Amino acid sequence: MPTSGSIKNESGVRKIETQKKENKVCNDNKDIALTVKAQTIDELHLLQKKKSAPTTPKGSQATLFSSSEDERSKQQLQSISASLASLTRESGPKVVKGDPDKRFEARRVSHVSQHRITPTIAVSDSALKFTHVLYNLSPAELYEQAIKYEKGTFMTSTGALATLSGAKTGRSPRDKRVVKDHVTENELWWGKGSPNIEMDEHSFMVNRERAVDYLNSLDKVFVNDQFLNWDPENRIKVRIVSTRAYHSLFMHNMCIRPTPEELENFGTPDFTIYNAGQFPCNRYTHYMTSSTSIDLNLARKEMVILGTQYAGEMKKGLFSVMHYLMPKRQILSLHSGCNMGKDGDVALFFGLSGTGKTTLSTDHNRYLIGDDEHCWSDKGVSNIEGGCYAKCIDLSREKEPDIWNAIKFGTVLENVVFDEHIREVDYADKSVTENTRAAYPIEYIPNAKLPCVGRHPKNVILLACDAFGVLPPVSKLSLAQTMYHFISGYTALVAGTEQGIKEPQATFSACFGAAFIMLHPTQYAAMLAEKMQKQGATGWLVNTGWSGGSYGCGSRIKLAYTRKIIDAIHSGSLLNAEYKKTEIFGLEIPTEVEGVPSEILDPMNTWSDKKVYKETLLKLARLFENNFETFTNYKIGKDNKLTEEILAAGPIF
Ligand SMILES: Nc1ncnc2c1ncn2[C@@H]1O[C@H](COP(=O)(O)OP(=O)(O)OP(=O)(O)O)[C@@H](O)[C@H]1O
Ligand SMILES: O=C([O-])CC(=O)C(=O)O
Ligand SMILES: [Ca+2]
Ligand SMILES: [Mn+2]
């Protein structure tokens, strides 16, 4: 053992002082006498973390803050306490920042009186309790929380956070409720076909109270303060209160992340979500038909989630809110992907779930503006979100390299199956659900366009996954046809995963997102028509579904071919191609597309039995016709001319 006297501290670094008595451990001249100023192990651990950016949780070291910082921090706590206030008691809960398990952090308490009313009822036991708030935690902190406290949460081999969303692995549109009051009664779309199922204000308050009481009964809640919409003039401030680190990380990825300065000056949110999804709603509450309820109150600017932990409810709930707020400002909200070429040309990709918005807007040769939710204003397009939510069933590195590579540290992987030891994900495994998903910040895509805004779209691509196999792989649409197909919002998926051949199921969802729209579809359609006309945008219908027969006989069009078709749309070469018109649907189909076998461009060529093809085509046309009946009484746009053209743009028998 070397002796202390023979070694000099040449580098001039502090000596290790873990105990009062000097304890020298030195093997060579370099390592020696590097001492840490710590008296105890706890003190040593305290040295490990240095003070973070100004707005990360200020749970500790209160004396380090200047009085203005102190004041702002107090206001932040007051604002959170106000959000969590029960409306039947007098004051907001006692709020304290930080993890209840971290005993070293000095606690800051704020018991904020929210209401001017003099208390009349004695405080309940719950009012004596603290609510610990984990405020805008970083992904690393959320990983620790999730892995430590949320069963079924693991790190995968690429660093993503794999978790389970619980009993619900998809959205529950039938459990969505919207408060009908004297304003929304006239403004919103109600009745047949509408996604807005009514509830009254009182029942909303019952559910709100249930959610808030549940949240305040927990040891801790997560609070995210973030933004929606990359258009700075139309940015919306949202607050999400949730119970799981999974939810907090999901929203961290999906909403726009504020800078530390923006968070300092966040102020009062424009909209608040109370996600108490681990707790059911009370089925005896009026308007409830199950123990799941997703309730939207536009007047109160609040949403309550009970009985489902599927994180997509928050994402799509906020999208509904945007579908209400944006049209009021003459801005069109769109369920579409969006990307931009090197020359600044913008394309929109509409389509129902699973038709290819995320897959096709994530294109290595183009800049990604966003994969799912956009706004189209007088200035151009802007993404509503700060992240992407990709389907990952059968995901492959070869076919979708950018999405594959985005699944790394920080990404939330929902309901995937992985090797218990190596933690490699098996993307083909549907054991938990077919709707496996990855949520990642948009910067994880190498060619993301930041900020996520672009010019007016040049091309509007409508995606349909036609499992009947009768729609052409690509057709050029007139404006009236674009509107007809936009209002129809068609896709056909295959029902069930049982053995044997299943009939394709046609789905019609107005504006390619009926589940999220708030106004009558024709209001969005009118705005789209006006914008497309004004900007001279071209509409296209792209079938990403079956070719060579219906599901069971034919097969899904190769992604590589669809990509070639999309390339030809972007480059402008398809605009000047030679076209012929199909029967029944009257679609203009090109005779050639570079890189795509010409014989597949007319679906009739690919069917061995032409009679069955014709029957299937007629069958689909009738489904379109029946679906459109509900829209025939509505006027679209300023004159009747467009309305008549749209009606004439459907199938002709
Ligand atoms: N020819 C094709 N074109 C597009 N996608 C295809 C094609 N063939 C197979 N696919 C697969 O279809 C799926 C399309 O899903 P995608 O995530 O793009 O849907 P989405 O429209 O973004 O839906 P959501 O709104 O639910 O997010 C992907 O899994 C993709 O790999
Ligand atoms: O909302 C979801 O769960 C997934 C999605 O993007 C959609 O369905 O359009
Ligand atoms: Ca998507
Ligand atoms: Mn979507």
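Please read these numbers as outputs of a predicted model, since none were measured by experiment.

Engineer: Would you explain the overall build of the protein chain in this entry?
Structural biologist: Tallying secondary structure elements over the protein chain gives 16 helices and 34 strands in all. Evaluated residue by residue, the protein chain yields a buried proportion of 54% over its 653 residues. Sequence separation of at least 24 residues holds for 72% of the intrachain contacts in the protein chain that already meet a minimum separation of 6.

Engineer: How do you make sense of the site of ligand 2 when you look at a structure like this?
Structural biologist: Taken together, Arg-171, Tyr-310, Lys-315, Lys-316, His-335, Ser-353, Asp-372, Tyr-389, Arg-437 and Phe-516 make up the full set of residues near ligand 2. Within the side chain of Tyr-310, an N or O atom sits 2.8 Å from an oxygen atom of ligand 2. For ligand 2, whose free accessible area comes to 260 Å², the fraction covered by protein is 94%. For the shell around ligand 2, the per-class residue count stands at three nonpolar, two polar and five charged.

Engineer: Explanation requested: the sheet that holds strand 21 (residues 412–414) in the structure shown.
Structural biologist: Two strands in a sheet stick together by hydrogen bonds in their backbones, pointing the same way (parallel) or opposite ways (antiparallel). The strand order across the open sheet formed by five strands is 6-7-21-24-20, and the pairing between neighbours is mixed. Taken across any chain shown, the strands that pair with only one partner, and hence form the sheet edges, are strand 6 (154–155) and strand 20 (387–391). Note: strand 21 against strand 24 (residues 437–441), three bridges, orientation antiparallel. Among the inter-strand pairings, Val-412 is bridged to a residue of strand 24, identified as Ala-439.

Engineer: Sorry, what's going on with the nonpolar core here?
Structural biologist: Nonpolar side chains in soluble globular proteins tend to end up buried together. Counting residues in hydrophobic clusters, the biggest one holds 123 residues, and the most contacted among them are Ile-273, Leu-413, Phe-486, Phe-585 and Ile-646. Not counting the four nearest positions on each side in its chain, Phe-486 is found in contact with Phe-350, Leu-462, Ala-510, Cys-511, Phe-512, Tyr-524, Ala-525 and Leu-528. Of all hydrophobic cores here, the second largest spans 27 residues; its members include Leu-77, Leu-84, Val-212 and Ala-276.

Engineer: So what exactly am I meant to see when it comes to the site of ligand 1 here?
Structural biologist: Around ligand 1, the structure places 20 residues, and the nearest of them are Ser-353, Lys-357, Thr-358, Glu-400 and Arg-437. In the model, an oxygen atom of ligand 1 is placed 2.9 Å from a nitrogen or oxygen of the Thr-359 main chain. One of the side-chain N or O atoms of Arg-556 is found 3.0 Å from an oxygen atom in ligand 1. Its free accessible area being 650 Å², ligand 1 has 90% of it covered by the protein chains. Taken together, the elements giving at least two residues each to the shell around ligand 1 come down to helix 9 (357–361), strand 20 and helix 13 (559–571). When residues of the shell around ligand 1 are assigned to their parent elements, the largest contribution, three residues, is made by helix 9. Classifying every residue of the shell around ligand 1 by side-chain character gives four nonpolar, nine polar and seven charged.

Engineer: How should I be thinking about the coordination of the manganese ion (ligand 4) in this particular structure?
Structural biologist: Ideal values for angles at a metal depend on the geometry: 109.5 degrees with four tetrahedral donors, 90 or 180 degrees with six octahedral donors. Only Lys-316 (NZ), His-335 (NE2), Asp-372 (OD) and Asp-372 (OD) from the protein coordinate the manganese ion (ligand 4), and they sit 2.3 to 2.7 Å from it. In primary sequence terms, the donor set of the manganese ion (ligand 4) follows K-x18-H-x36-D. Between the manganese ion (ligand 4) and the calcium ion (ligand 3), a separation of 4.7 Å is found. Of the two residues, Lys-316 sits in helix 8 (residues 312–328) while Asp-372 sits in the loop between strand 17 (367–370) and strand 18 (373–377), which places them 56 residues apart along the sequence. Comparing Lys-316 with Asp-372 shows no difference in burial state: the two are buried.

Engineer: Sorry if this is basic, but what is going on with unusual backbone geometry here?
Structural biologist: Peptide bonds are trans in most cases, and residues, glycine excluded, mostly fall at negative phi. Note that the residue after Leu-450, namely Pro-451, is joined by a cis bond; omega there is -10°. Tracing the backbone through its elements, the reader meets Pro-451 in the loop between strand 24 and strand 25 (453–454). For Asn-229, which is not glycine, the phi dihedral falls at a positive 85°. If you trace the backbone, Asn-229 turns up in the loop between strand 10 (220–228) and strand 11 (236–242). Residue Asn-229 is classed as buried on the basis of its relative accessible area, which comes to 1%. One non-glycine residue, Lys-301, lies in positive phi territory at about 60°.

What counts as what
- Residues numbered from 1 in each chain as written.
- Chains lettered and ligands numbered in written order.
- Predicted model: local features only at pLDDT ≥ 70, side-chain atom pairs only at ≥ 80, totals over all residues.
- Heavy atoms only, no water.
- Helix = DSSP H or I, 4+ residues; strand = E, 2+ residues; numbered from the N terminus.
- Buried < 20%, exposed > 50% of the residue type's maximum accessible area, 1.4 Å probe, protein only.
- Contact = heavy atoms within 4.5 Å.
- Near = heavy atom within 4 Å.
- Polar contact = N/O pair within 3.5 Å; in protein donor to acceptor, adjacent residues only side chain to side chain.
- Areas by Shrake-Rupley, 256 points an atom, 1.4 Å probe, with all protein chains shown as cover.
- Nonpolar A, V, L, I, M, F, W, Y, C, P; charged D, E, K, R; others polar.
- Pairing = 2+ DSSP bridges.
- Core = buried A, V, L, I, M, F, W, Y, C linked by side-chain atoms within 4.5 Å.
- Donors = N, O, S within 2.8 Å, 3.2 Å for Na, K, Ca; no water.

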